[in-house]
Amino acid sequence: MAGPSQHAHWSSRWTFLLAAVGSAVGLGNIWKFPYEAGEGGGGAFVLIYLAFVFIVGLPVLIAELSMGRRGQLSPIGSMAKIAKEEGRSKLWGLVGWSGVVGGFIVISFYSVVGGWVLAYLLKAPMGFAGYDAALSTQTFGAFITDPVNPIVAHFGFLLITVLIVARGVQGGLEKAVTFLMPALFVLLIGLMLYSAITADFAAALNFLFNPDWGKLNVNTVLQALGLAFFSLSLALGSIMTYGSYLTKDMNIPRSAVTIAAADSGVALLAGLAIFPIVFAYGLNPGQSVGLVFTTLPIAFGQMPGGAIIGTLFFFLLTVAAVTSAISLLEPAVSYVEERTGIDRKKVSVYIAIAAFALGTLSAWGQPGNILGTVKVFGLDFMSLKDYITNNIMMPLGGMFIALFVGWFVSRKNMMDELAMEDGTFKLWYFLVRFVCPVAIGAVFVSIIYNTIIAS
Ligand code: PFF
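Residues numbered from 1 in each chain as written. Predicted model: local features only at pLDDT ≥ 70, side-chain atom pairs only at ≥ 80, totals over all residues. Heavy atoms only, no water.

Section: the site of the ligand
What surrounds the ligand is a group of 16 residues, the closest being Ala24, Gly28, Tyr110, Phe230 and Ser238. Here a nitrogen atom of the ligand and a backbone polar atom of Ser23 are 3.2 Å apart. In this structure, a nitrogen atom belonging to the ligand sits 2.8 Å away from a main-chain N or O atom of Phe230. Contact with the protein chains covers 100% of the free accessible surface of the ligand, which is 340 Å². For the shell around the ligand, the elements supplying multiple residues, two or more each, are helix H1 (13-24), helix H2 (27-39), helix H10 (218-231) and helix H14 (306-340). In terms of residue class, the shell around the ligand is built from 7 nonpolar, 9 polar and no charged. (Near = heavy atom within 4 Å. Polar contact = N/O pair within 3.5 Å; in protein donor to acceptor, adjacent residues only side chain to side chain. Areas by Shrake-Rupley, 256 points an atom, 1.4 Å probe, with all protein chains shown as cover. Helix = DSSP H or I, 4+ residues; strand = E, 2+ residues; numbered from the N terminus. Nonpolar A, V, L, I, M, F, W, Y, C, P; charged D, E, K, R; others polar.)

So, the nonpolar core
If you look at the biggest cluster of nonpolar residues, it comprises 155 residues, and the most contacted ones within it are Trp31, Trp116, Phe293, Phe313, Phe314 and Trp428. No other element matches the 15 residues that helix H3 (residues 43-71) contributes to this core. Discounting residues that sit within four places of it in the chain, Trp428 has contacts with Pro59, Ile62, Ala63, Val405, Met414, Leu418 and Met420. (Core = buried A, V, L, I, M, F, W, Y, C linked by side-chain atoms within 4.5 Å. Buried < 20%, exposed > 50% of the residue type's maximum accessible area, 1.4 Å probe, protein only. Contact = heavy atoms within 4.5 Å.)

A few points about the packing of aromatic side chains
Under the definition given, this model contains 31 aromatic pairs. With 5.9 Å between their ring centres and 75° between their planes, Trp116 and Phe293 make a pair best called edge-to-face. With Trp116 in helix H5 (residues 93-123) and Phe293 in helix H13 (residues 291-302), this residue pair connects regions lying 177 residues apart in the sequence. In this structure Phe293 comes out as buried when scored by relative accessible area, which is 0%. With a centroid separation of 5.0 Å and 40° between ring planes, the pair formed by Phe207 and Phe275 is classed as tilted. Residue Phe207 is located in helix H9 (residues 201-209), and its partner Phe275 is located in helix H12 (residues 252-280); the two are separated by 68 residues in the primary sequence. In this structure Phe207 comes out as buried when scored by relative accessible area, which is 14%. Put simply, the rings of Trp116, Tyr120, Phe128, Tyr131, Phe140, Phe293, Phe300, Phe313 and Phe314 touch in pairs and so form one group of aromatic residues. (Phe/Tyr/Trp six-rings, centres within 6.5 Å; stacked < 30°, edge-to-face > 60°.)

A word on the pattern of salt bridges
Throughout the structure, instances matching the rule amount to 10 salt bridges. For Arg70, the salt bridge goes to Glu86, with nearest N and O atoms at 2.8 Å. In this pair, Arg70 is assigned in helix H3 and Glu86 in the loop between helix H4 (75-85) and H5, connecting sequence segments 16 residues apart. Shared partners join several salt bridges into a network, and the residues in it are Lys32, Glu36 and Asp386. (Salt bridge = Lys/Arg side-chain N within 4 Å of Asp/Glu carboxyl O.)

Encoded structure:
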C-alpha cells in the first residue's frame, strides 16, 4: 500500500476496506479465475472454489488481519513478536518469511500478466474490429511470443506500480479504489449483460454452475484451494501487512466478509462475461492463460462504442492489477524497511528491479518465446512459479496461520482482539482450529497419497 510508513494507520475504516478490496480484486479474479475454471472443467471447480473462499479463506482472512493488527509490524516481525508474547517458538516467524518470499515470486509473474493487460490497453483505442476466435487467438499468440514487447510491457507495469508506491500516494490509492473499483464492477455487470444478450449465456451458466463432479480430482481441488487464497491475497503477508495499519476500533470480521463477497462477486461476473463468448464462438474453455485476452476483444469488436468500452475495461483492469501489485510489494518493503531503516521508496525500487529480473523468465517462458521450450518439472516458468506459490506456499501458509491462531495464541487474546459476538466467535474459532487445517491437510495428504500410488 502506498503511504503508511511503519506505524502509520489507515485514515479511516473505509480507506482500509477499499485498499483491502483493491488488493483482493485483481488479475486473480478476472484473468486467473476464469481460465482455471475453464481448465478445471467448470461447475464443480467453481463451487469448490466458492466453498474454499468462505469456509477456509474467510476465517484465515480474519486471522491474518488480526495478527497484523496485533503485531503492528511486517508479517515476519508480527508473527515472531506475537509468538514471543504467547511464549511460543520464534520459528513461527517462518510463516511470515514464506509470505514475503512467496509474495516476491508472485509479483514477478503477476507483473508480466499486468504487462499483457497494459499492452491491450494501448491496443484497445484502435478497436478490435473484425476480431473473431481465430484473429483474437492469433493476436494474443503473436504478442506473447514476441521477445521484446512483453518485456517492455512488464517493465511498464512495474514502473507504474513503483511510482505509485514511491510517491506515497495514499491519497492516490484511495482515489483509485474509491472510484475505479466500483467502476470496474459496473463495467463487468454491463459486459456480462452484453454477453448474456449477444452470446451463449445458457451454455455459460450451465458450464459455470452445473457441477460435473467427475471432472474434479485432487489436483483441481488443490488448484481451487490455492486460487481461493490467491484471490483473497492470503498467506503472502499482504493482508497481514494491511492489518498492521489497522486501528483497534475497526471491525475485522465485518470487513473480511465484505472483502470476500466483493472478491468472489467480481470473479463470478468475469466468468459470466467471458464464458458466453467462449461457447458462442467455439473457443476452447481450457486454453489457459490467454482466455480473457482472446474472448472479450471479440465482444469489444462488435459492440457499439467498443473501442471506448474496451479501452475503459483494460484501463480499469490495469488499475485493479496495480492495486494488487502494490499490496504484493508491501510485505517485502515493510520488512526491509523495518530491518534496515532504508527509505521505503528506495526499497520498493530495489525489490521491483529484482522482480523485473525474475519476471523475465515468465515473460520469455511462454510457448514459442525465447525460453518457451524450457520446462522444469514439466512446467514453463510462469506455471512453475504459479504452482509453487498457489498450490504449495499459499495453502500451507494458510494452514500454519490457522494452526497458530487456533492453537498457539490464547483464546482469550483472540476474543479480545476480534471482539466478536459469542456465537460468531465460536463459529470462527471452530473453523480456524479444525475445519481449515483439516481441509487443507486432507487435500495435501490426498495429493501425496495419489502421487505415491501413481508412481
Ligand atoms: N488477490 C490478487 C488478485 O486476485 O489479483 C493477487 C494477490 C495479491 C495475491 C496479494 C496475493 C497477495 F498477497
